[in-house]
Structure formats: C-alpha cells, structure tokens
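# Observations on the model geometry
Residue-level listing of the chains:
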Amino acid sequence: MSPANSQQQTPLLDALRDRTNHPHAPFYAPGHKGGQGISQPLIDLFGAAVFRSDLPELPELDNLFNPESAIAEAQYLAAEAFGSQSTRFLANGSTCGIIAAILATCGPGDKIILPRNIHSSAISGLILSGAIPIFVNPEYNPDWDIANSITPEATASALEQHPDAKAVMIVYPTYHGVCGDLRAIAQITHQYNIPLLVDEAHGAHFNFHPNLPEPALSAGADLTVQSIHKTLGAMTQASMLHVKGDRIDIQKLNKALQLVQSTSPSYLLLASLDAARQQMALHGKELMAQTLQLAEKARSRISQIPGLSVLEPLNTPGFAALDRTRLTVKVSDLGITGFAADEILHSQLGVTAELPMPQHLTFIISLGNTQSDIDNLVKACTLLEATSDTIVNKPFMGGQDAHPTKKLTLRFTGILPVIKSGTGILPVLENRAISQLKGRSQKEDEILSFPRFSPPPLSPREAFFFPAETVPADKAVDRLCAELICPYPPGIPVLMPGEIITPAAVDYLQQILAAGGKITGCSDPGLQTLKVVRQ
C-alpha cells in the first residue's frame, strides 16, 4: 500500500462498519448480540449504535495475533504515519506494551538499565521476566520537586559498570513533559549493541509538529510505546508499540504480546487507533498548531497570576526539552498543596487536572481542548489565588490541612542514593531526608555513599514470589518490601518488591494519604501495615 493518498484510508474502521451493517443472526460472543441484550440504562448513556459495533474476531475483522487483512493494513499505515518500520496495536494499554518490551529483550537474571522513576508497568515487566533492574537516578529539580530524565553521562556510567546489560529503558517524556537528551542516550546505548526501549506514553503527538520535542524513534529509539489515547484521539486504553531497526527480535516481541494482550480485544479500541492515525496523518500539523497555541495562551495568562508559577524549559541536567502542551502550575507559593488545589478546582470550579502533586498541578492540553476550556482554567486559577488566604487552614480531602509545610515535609523524587545501614545497603529517598530521620549530617551521608547502579537485594520477581508477612508499618523499616506501592497518578512506585523499606518512604506515603492523595498497591489502604518478605 504505497499511494500518497493511502493515509486517507481506514481499513479496520471500514471493516468494522461494514460488518456492523451486515444483517445476520449472531450465534457468537459477546452475549449482548449487537446490543439486543444490553440493559436500558447503558443504552441510555451510550446509545445503541456503539453496541452493534462491539464485535469479536470475525473473519472479516482479522486477528490481532495473526493479522493478514484489515488489522495488518491498519498497522502498516500507522507505522508509516508514526515513522516506524513495524507497529503493533495494543488493546491493553501501554502497560502491556512496556511489559512486552521487557519480555522480548530480557530473560531471568538478565540486567536492564532503567530510571528509578519508571512507571509501575515496568516493574510488572521485571516481575514477569525475572530481569534484574539496574536503576539510574533521574536528575532532580528541587525548586519544582520534579524528577527530570536520566542523563547520557549516568547512562554511560551504568553501562560501564554493567556492560552485560541486555537493554536500556527510559521515560520520554516524563509526566510533566520533561524530555532528556534521548539522542545522546541512544548513541551510548547502541555502542553496546543493545536496544533502547522508550516509555513514550505521553509523547504520541511528537511526530506531528516541529515545535514539539523530537519523537523517540527519530532520536534513535529501537522500540517505543505510545498511549495514543492520552494525547491524541483514540479511546481510553488504546495504544501502539513501534519498532525501528534490527535490535528487536520481532518473533519474541509477538510472543510476548500474546502473553499480555487479551485474546478478546475490543474492536472499538482497535478501530479508534485506525481512526486516530488517519486524523493525525491528514490533519496532525494543523491540530498540533492549534493545541500549541492554546497551551501558550494558558501559559502566558496563568504565569501573570500572583502566587502561581508555570514550568518552563530549564537549563538543568536531564531537561533537554519540554512538551509545551503539558502545563505544570506551582501552587505551593499560595500556601496550599496541589492536592488541596485539585480538590477545589474539581469540586467547586469545574476544572479537573491530570496530576496533582504536593507542590503543583499538571494539566494535559490536547487536540480535544477548546478556547473555552482555557478560559475556564485561567478563571479557576485566578479564583484559586484570590481565595487562597481563606483556604490555607481549611480541611480538605478527609479533614486534612491544606498547608504543605504542615503535612508534606518529605519529597519523593524517584532518586535513590544508597548509604550503609546496620542491615546492609539501604536505599533512601533523599540524603537530606535520611539525615533528618537518623540524625546524620549531610557530610556523613556523603562519606557513607555506596557506588550507584547496584542491583537490589532481591529481584522484583524473587520478592514477589517469596513468602510474605504483614507487619506494622513502623516495624517494616529495613525489611524487604513485598508490595508494589505507588501514588496514582503518576504511577511511579515509592516501594517495590525487593527494595528495603525506609522511614522516609513510609512517611512520604502516609503524608500523601493525609494530604488527600491516592495510593495503590498496598494491601492495607490505610498504610498502617505493610507486606514484607518473610525472614
């Protein structure tokens, strides 16, 4: 399929439409039979048409695991539009793509180099594959309390210490839109003839406008996973995995995807990927220009509100570029947490952020936003500033104080230096935090620092399957964690299986809960107890 106008086609969407409109007696799943058996409240909400298109792997609709017709053609067009040699549609979200990428490149005992602020899906990949993580510290911006990317220098150091690593994985961009020097990292990685895997979940739109950061594939990535639904026009959970070059074993990748994708994929999701690709291939530059324009208006207006700051590109390590459609607004100078601000915006002012954090809020501005949305956002931020004096000491989210200095004394950066402990090597959240908790000076911490890039005491897989026991949170300190615990969003683990639990980690998680944040992965939602590896 090579004609210049091929991107106008939507082979999978067309096949689904044709089959939807084909009269026949259905004696196959799903049980609702084209909507005939759907409950009326659901029809009232969604309408009847969508259920007629909720079809299984009929011959005319191709098969996701052995595509030969409509899906194969749709994936070919997607590869062409996104600049890859081969593309796979993902109906289980980017999570399954990240897991498959690790399974395709790493086996039990193999090392993979990755940043500590990786998404929890990568930890799932480590558990399923048995790979050994070699964590690299991302650079940290203390003014914004944001973890940037890892640097080329840190990547090179990790590879020098672990030249037998099978792959490098990085996050590009971060949740806040921060991009590292991916091109340099790719060059360093390829010196070892291993693949660079990229979690590009938040960067699916990069390929469609020159004023956006460079796409991962163009910068040298061998495999990248994109959440098309996050920033483009696909339905929630619909994602893509792209491959370029010859460092990825395609057969292994296909087998890995069979392990983690549903055998009953939603054709509504798959068809939305086909339609989103067509939309961007034909109109992407125009749509991204409009999006960037809206984002710039929001940046300009909000930055003029007293007490609010907007994240702009910074000349700091790990911060090579910024996705300007990702808007991060610091609210801590108003004397409130991002959690409290988020509650006010959402429940009182009709504006909902993507990501609340202790000091700031992050908003995704995409092709679906309008000028009216931007006006409402600016108005809400203006009202937030005007009323901040009256809300500093008011309780929010379960009766907790909105003031950050009273509740959030620690920060989790995704950075894990290591120091000596009475029980061995102890990962900590920050040198200054552990100094505060154990009475050590900063100088002492520096003296006790161990070399970075050490494997964890137990691999995530070993810890996941090891017998566990539940202990009070204060008794869990210095024990090996048996759970994957993270605030969500952003889904970056604070504790993971095989890591030593620190006082700073427990305090941080409990403070996040107290401030109104959400914690996932802990068997005790109140964090009064933790599961640890049985001694």
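Everything below is about the structure printed above this text.
In this report, the structure presented in the accompanying data block is examined. (Residues numbered from 1 in each chain as written. Predicted model: local features only at pLDDT ≥ 70, side-chain atom pairs only at ≥ 80, totals over all residues. Heavy atoms only, no water.)

### Side note on the sheet that holds strand 9 (residues 223–226)
- An order of 1-10-9-8-6-2-3 is seen for the 7 strands of this open sheet, with the pairing classed as mixed. Edge positions in the open sheet fall to strand 1 (86–90) and strand 3 (132–136), since each of these has one partner strand only. Averaged over neighbouring strand pairs, the angle between their axes works out to 20° when direction is ignored.
- Inspection of the sheet shows strand 6 (residues 167–171) paired to strand 8 (residues 196–199) by 4 bridges, in the parallel sense. When the bridges of strand 8 are listed, Val 168 appears paired with Leu 196.
- Set on the sheet, helix 5 (residues 93–105) makes contact with strand 1, strand 2 (111–115), strand 6, strand 8, strand 9 and strand 10 (239–243); between it and strand 9 the angle comes to about 165°.
- Sheet strands touched by helix 11 (residues 250–260): strand 1, strand 9 and strand 10. Its angle to strand 1, the strand with the most contacts, is close to 5°. (Pairing = 2+ DSSP bridges. Helix = DSSP H or I, 4+ residues; strand = E, 2+ residues; numbered from the N terminus. Axes fitted to C-alpha atoms, helices over the stretch in contact; angles between N-to-C directions. Contact = heavy atoms within 4.5 Å.)

### Description of the sheet that holds strand 11 (residues 309–310)
- The strand order across the open sheet formed by 4 strands is 11-13-15-14, and the pairing between neighbours is antiparallel. Whereas interior strands pair on both sides, the edge strands pair on one side only; in this sheet they are strand 11 and strand 14 (355–356).
- Inspection of the sheet shows strand 14 paired to strand 15 (residues 360–364) by 2 bridges, in the antiparallel sense. From the neighbouring strand, Leu 355 faces strand 15, where its bridge partner is Thr 362.
- In the packing of helix 13 (residues 338–348) onto the sheet, the strands contacted are strand 14 and strand 15, and the crossing angle to strand 15 comes to about 50°.

### Brief notes about the pairing of strand 9
- Side chains Leu 223 and Val 225 of strand 9 all project onto a buried face; the interleaved residues Thr 224 and Gln 226 project onto the opposite face, where all are buried too.
- Where strand 9 meets strand 10, 4 bridges bridge the pair, whose relative direction is antiparallel. Its bridge partner lying in strand 10, Thr 224 is registered against His 242. (Buried < 20%, exposed > 50% of the residue type's maximum accessible area, 1.4 Å probe, protein only.)

### A closer look at helix 19 (residues 503–514)
- Between its first and last C-alpha atoms helix 19 spans 16 Å; for 12 residues at 1.5 Å apiece the expected length is 16 Å, and the two agree.
- For helix 19, the full list of buried residues reads Pro 503, Ala 504, Ala 505, Val 506, Tyr 508, Leu 509, Gln 511 and Ile 512.
- Looking one or two places after helix 19, you find Gly 516, whose phi comes out positive at around 105°. (Expected span 1.5 Å × (residues − 1).)

### Brief notes about the side chain of His 205
- Note on placement: His 205 falls in the loop between strand 8 and helix 9 (216–219).
- In contact with His 205, other than residues within four places in its own chain, are Leu 212, Thr 231, Leu 232, Met 288, Asp 323 and Thr 325.

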